[in-house]
Amino acid sequence: MSFYDSSKIEKKWQKYWLENKTFKTPENTDKPKYYILDMFPYPSGSGLHVGHPEGYTATDILARYKRMKGFNVLHPIGWDAFGLPAEQYAVKTGTHPRITTERNIIRFREQLQMLGFSYDWDREVDTTDPNYYKWTQWIFLRLFERGLAYEDEQPVNWCPELGTVLANEEVIDGKSEVGGYPVIRKPMRQWVLKITAYADRLLEDLDGLDWPESTKEMQRNWIGKSIGAEVDFNVPDLNEKIRVFTTRPDTLFGATYMVLAPEHNLVDVLTTEEHKTSVEKYKEAAGQKSDLERQELSKEKTGVFTGAFAINPVNNKEIPIWIADYVLAHYGTGAIMAVPGEDERDWEFAEKYDLPIIRTVQPPDNFDGKAYTGDGPSINSDFLDGLHITDAKTKIINWLEENGVGNKSVNYKLRDWLFSRQRYWGEPFPVIHVDGKPKAVPDKDLPVTLPDIKNFQPTKSGEPPLAQAVYWVETTDPETGKKAFRETNTMPQWAGSCWYYLRYISPDYEGGPVDQEKEKYWMPVDLYVGGSEHSVLHLLYARFWHKVLYDCGVVSTKEPFQRLVHQGMILGEMEYSAYELDGKIISADEAAQIEGVTRIPLSETDVEKKGERFFMKGTEINVDAKAYKMSKSRGNVINPDDVVKNYGADSLRLYEMFMGPLEQVKPWSTKGVEGVNRFLNRSWRLFFGDGETVKFNISDSEPDKNQLKILHETIKKVTEDIENMRFNTAISALMIFVNEANSWESVPKSVAETFVLLLSPFAPHMAEELWNRLGNYNTLAYEEWPAYKEEYLISDSIEMAVQVNGKVRANISVPSDKVTDKDFVIGLAKQQKNIIRYLEDTTIIKEIYIPGRILNLVVKQ
RNA sequence: GCCCGGGUGGCGGAAUUGGUAGACGCGCCGGACUCAAAAUCCGGUGGCAGCGAUGUCGUAAGGGUUCGAGUCCCUUCCCGGGUACCA
């Protein structure tokens, strides 16, 4: 039996591709270009997991396909190598993060090469390389020059366990996204990037992008633009004004009280003597709460009265001023007018503290809720009465502006981006402090490199590890010669990944982050593939930097990533579980209610499905059937190295694409890998026969009509499916071809060659080997992609269904040249035994014929 | 709660976008080869009834539009992801 030795053949071609630089990006620009990018991997110590090759195989297939289609393809890879794990490892072991990082990169590179990806290995970039972060710093200086990077003392998310501050986005439910440690609020001096200045452009330019709608929607929500008005409320006793932001100025007549955030700077001024104690107490309690506590305790609204009153400008009514932590200091003006009639939160608060509620929008008759937030005619609103929301808003805004008590206003949820971290393993800021003021390091002195230090531990007070490198921190201002101190914070990991896609274009260019001539040719990225976990942060930050670079004239496109696709997560194998309590097997439903149960793994053959649920075979005990996220603790992690060892890289690639649509979440199945592995072996045997001896099964004969038909059907299907990234059905088409061809006496060489080319993007190692053994001595990577000919697809006859009253009653075979002949088809149909039976004693009232598809005879008794 | 996805055989998934539901793969059943097993090959495989022809039910549930609905519309349920007092 001939057999395919995957490990030997795969290594052979990997070596060939590297040595011949087969996938070196062309330098000429005479052909159309295709820039296909994988999301920047972090080279972690645990190596590649099976999730990585999913997206990478998809892009690799496209890259290989586009090369064969005559495109110049840019398909690079590199390392987002700054980051916390290497630093934490350094704290623990004293190993410099550089050592760890280099080791991990080598491992990752080997693993990627083992999978046969067609990257241009001469374009690797590494964010920790001073030649790279020189330009990260350079871009930061452009931000600084433009006033888009500033220092600010502000309450930040301080994580004592990690010894660093975190961006708002890195805090999930009051805990750090990395590690899940508690996070507290602490005022500190920080670098902040003014992403809010680009909010509108980041929002508007989403419209032109070919991205998943859900991702665009998430970005829109994150930016959170809302249009409304600002209104001033006078506090006559104190001669003060309180400004509020509202999206519903039309409900102004229903504003029956005001609420300030506890941190609002007028709170102390407003509070009357008799309320001082309770207000102080409330403020203190709110200030001490961590974000987590604030969220947990916020189920029930709390607040206290300040004793002060403001005047509602539309009706001059006196309304009380409260403070409550359901009003956020950092959104809008940190103060609201409360309109309980049309706002659920205000209603809840008003109910609790017995504050007046006035409806100003007429709810529908059947409305039985509390606050009514829908549309309707205004009531109790003087000159707005009868107007619906939109018109009422316009009118009241005009009124506010005429009377000088307010104006139209826009607000964003998006906040400026907290950009500094108290870490060692990150890009140093190219900034020195002279006389207490930040000053840019001149471009010519870049990069500001990381000093070597021994102790990577941050200080308890929050001083970054770099502060220990006194010789590095203390420097002189090159301009004035004055004593200066280097910035000891470093940049967050996002920095390096904000612009890496540009560096790939000209990785060795010394005149700037990117060679502008080449940038014009290669940008934008035509296809960007990566996980949906980056839907907001990385993609928003990168878009922001790109727009700044656009404004600086460095790049020529407004957006970096034209088309974006997220690959779905790969889960562990499906698990069937029964549960045991005190030696007794109990049902999964029961187990979910009780603690202290033991999970008993079952095999697929132990269970059966009844209705919607799975049960232990022959019992009424229902069991769980679920695939879980891969995790070390669950022990369901699949290691790609093992898969490659057992089945080969081509099998892994093929399986990951065959599992289902790329974007979908799907469970792993080792049996499924065996399935595609069998397919590859069958493909191999197509060429080398099935006997004891290896015999070449290829003939020089001309392909017959039938062979050409199936071949060209396969070409058509595979081509269309690759174009649409439907790799699972493309592979299915290849399988159908092989199943068919296996029944042939021999395979005509021309057919065999075409098949090998079709297979090559998916299983490049086997394809190269077959191509070579067919007598071609060059790589097939730049062979022309096969084109199908319509003439071969036409068959002599077409199978069609005949329906009577919408139900299929017979199948007929119609000669191709008669397909458009309705009368002929109906005549043929009426000869069918089963049709005759159904037409008996009926009258045909309608004949619906869709040529080549279906004939439906509508009859009546 | 709100915003996005999505529910199709025992399992992963197909279905030319309104035209024969279940392609392809896994699993399972039967057969060939083998002393035997593995591997491989051949055949079968949605449920129910029937020897069969065939009939009938069937794409989460219910209703609607249509000659015809997995696909379009309405209602409900379930699962996954995001988000959460943003005024």
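Residues numbered from 1 in each chain as written. Chains lettered and ligands numbered in written order. Predicted model: local features only at pLDDT ≥ 70, side-chain atom pairs only at ≥ 80, totals over all residues. Heavy atoms only, no water.

## Some words on empty space enclosed by the protein
Spelled out, the test is: Cavities and pockets are found on a 1 Å grid laid over the protein atoms alone: a cavity is a set of points where a 1.4 Å probe fits but cannot escape, a pocket is an open set with protein on both sides within 12 Å along at least five of seven lines, and a lining residue has an atom within 4 Å of such a point. Grid points are joined across faces, edges and corners, and a volume is the space filled by probe spheres set on the points. Helix and strand labels come from DSSP, where a helix needs a run of H or I of at least four residues and a strand needs a run of E of at least two; each type is numbered from the N terminus. Residues are grouped as follows: nonpolar covers Ala, Val, Leu, Ile, Met, Phe, Trp, Tyr, Cys and Pro; charged covers Asp, Glu, Lys and Arg; every other residue, Gly included, is treated as polar.
Taken as a whole and assessed by the stated rule, the structure comprises two cavities of 30 Å³ or more. When its volume is computed, the largest cavity comes out at roughly 40 Å³. Around the largest cavity, the lining residues are Glu-656, Met-657, Gly-660, Pro-661, Leu-662, Met-725, Arg-726, Phe-727 and Asn-728. For the lining of the largest cavity, the secondary structure elements donating two or more residues are helix H20 (649-658) and helix H23 (727-741). Roughly 30 Å³ of internal volume is contained in the second largest cavity. Around the second largest cavity, the lining residues are Arg-64, Met-68, Ser-760, Pro-761, Leu-780 and Ala-781. Here the residues of the lining of the second largest cavity sort into four nonpolar, one polar and one charged.

## Some words on the sheet that holds strand S34 (residues 854-860)
Quick reminder of the rule: Two strands form a pair only when DSSP identifies at least two bridges running between them. Here the axes come from fitting lines to C-alpha atoms, over the contacting stretch only for helices, and the angles between their N-to-C directions go from 0 to 180 degrees. The contact criterion used is simple: two residues touch if any of their non-hydrogen atoms lie within 4.5 Å.
Spatial strand order, S32-S31-S34-S33: four strands in an open sheet with mixed pairing. Two strands close off the open sheet at either side, each with one partner strand: strand S32 (807-815) and strand S33 (843-850). Strand-to-strand twist of the sheet, defined as the mean angle between neighbouring strand axes without regard to direction, takes the value 20°. Where strand S31 (residues 797-804) meets S32, eight bridges bridge the pair, whose relative direction is antiparallel. Its bridge partner being in S32, Ile-798 is matched across the sheet by Val-814. In the packing of helix H27 (residues 822-830) onto the sheet, the strands contacted are S31, S32, S33 and S34, and the crossing angle to S32 comes to about 125°.

## A look at H20
For the record, the criterion: Only protein chains enter the accessibility calculation, which uses a 1.4 Å probe. A residue is then buried if its area is under 20% of the maximum for its type, exposed if over 50%, and partly exposed in between.
In terms of residue burial, H20 counts as a mostly covered element, since nine of its 10 residues are buried. Residues of H20 that are buried include every one of Ala-649, Asp-650, Ser-651, Leu-652, Arg-653, Leu-654, Tyr-655, Glu-656 and Met-657, and no others. The positive-phi residue at the C-terminal boundary of H20 is Gly-660, with phi of around 160°.

## Quick word on the nonpolar core
As a reminder, the rule being used: Residues belong to a common nonpolar core when they are buried Ala, Val, Leu, Ile, Met, Phe, Trp, Tyr or Cys residues joined through side-chain atoms within 4.5 Å.
In this structure, Leu-112, Trp-668, Phe-687, Ile-722, Phe-727, Phe-737 and Phe-762 are the most contacted members of the largest nonpolar core, which totals 87 residues. The leading source of residues in this core is H23, at nine residues. When sequence neighbours within four positions are dropped, the list of residues in contact with Phe-737 reads Leu-686, Ile-710, Leu-711, Thr-714, Trp-744, Val-751 and Phe-755. Tyr-132, Ile-139, Leu-209 and Leu-537 belong to the second-largest nonpolar core, a separate cluster that totals 82 residues.

## So, the domain arrangement of chain A
When the parts of a complex come together, some accessible area is lost, and that lost area is often used as the size of the interface. For clarity, the threshold we go by: Residue ranges labeled as domains rest on an automatic or database domain assignment.
When the domains of chain A are assigned, the result is domain 1 (31-137 + 494-565), domain 2 (146-202 + 416-486), domain 3 (226-411), domain 4 (570-637), domain 5 (645-792) and domain 6 (795-860). Computed over C-alpha atoms, the centres of domain 1 and domain 6 are 58 Å apart.

## Comments concerning unusual backbone geometry
Across the chain, the bulk of peptide bonds are trans and the bulk of non-glycine residues have phi less than zero. Residue Pro-447 is reached from Leu-446 by a cis peptide bond, and omega for that bond is 0°. The topology assignment puts Pro-447 in the loop between strand S17 (437-440) and helix H13 (470-473). A cis amide bond, omega 0°, links Met-523 with the succeeding residue Pro-524. For Pro-524, the location among the structural elements is in the loop between helix H16 (516-522) and strand S20 (527-529). With a phi angle near 55°, Asn-239 is a residue other than glycine that sits in the positive phi range. Even without being a glycine, Asp-582 presents a positive backbone phi close to 50°.

## Quick look at the pattern of salt bridges
We apply this condition: Whenever Lys or Arg places a side-chain nitrogen within 4 Å of a carboxyl oxygen from Asp or Glu, that contact is recorded as a salt bridge.
Within the structure shown, the criterion is met by 48 salt bridges. A salt bridge links Glu-351 to Lys-370, with the shortest nitrogen-to-oxygen separation between them at 3.4 Å. Linking Glu-351 in helix H11 (residues 344-353) with Lys-370 in the loop between H11 and helix H12 (389-402), this pair joins segments that are 19 residues apart in sequence. Taking the relative accessible area as the measure of exposure, Glu-351 reaches 44% and is therefore partly exposed. The partner of Glu-575 in a salt bridge is Arg-599, with the nearest N and O atoms 3.3 Å apart. Note that Glu-575 is positioned in strand S22 (residues 570-581) and Arg-599 in strand S24 (residues 598-602), a separation of 24 residues in sequence.

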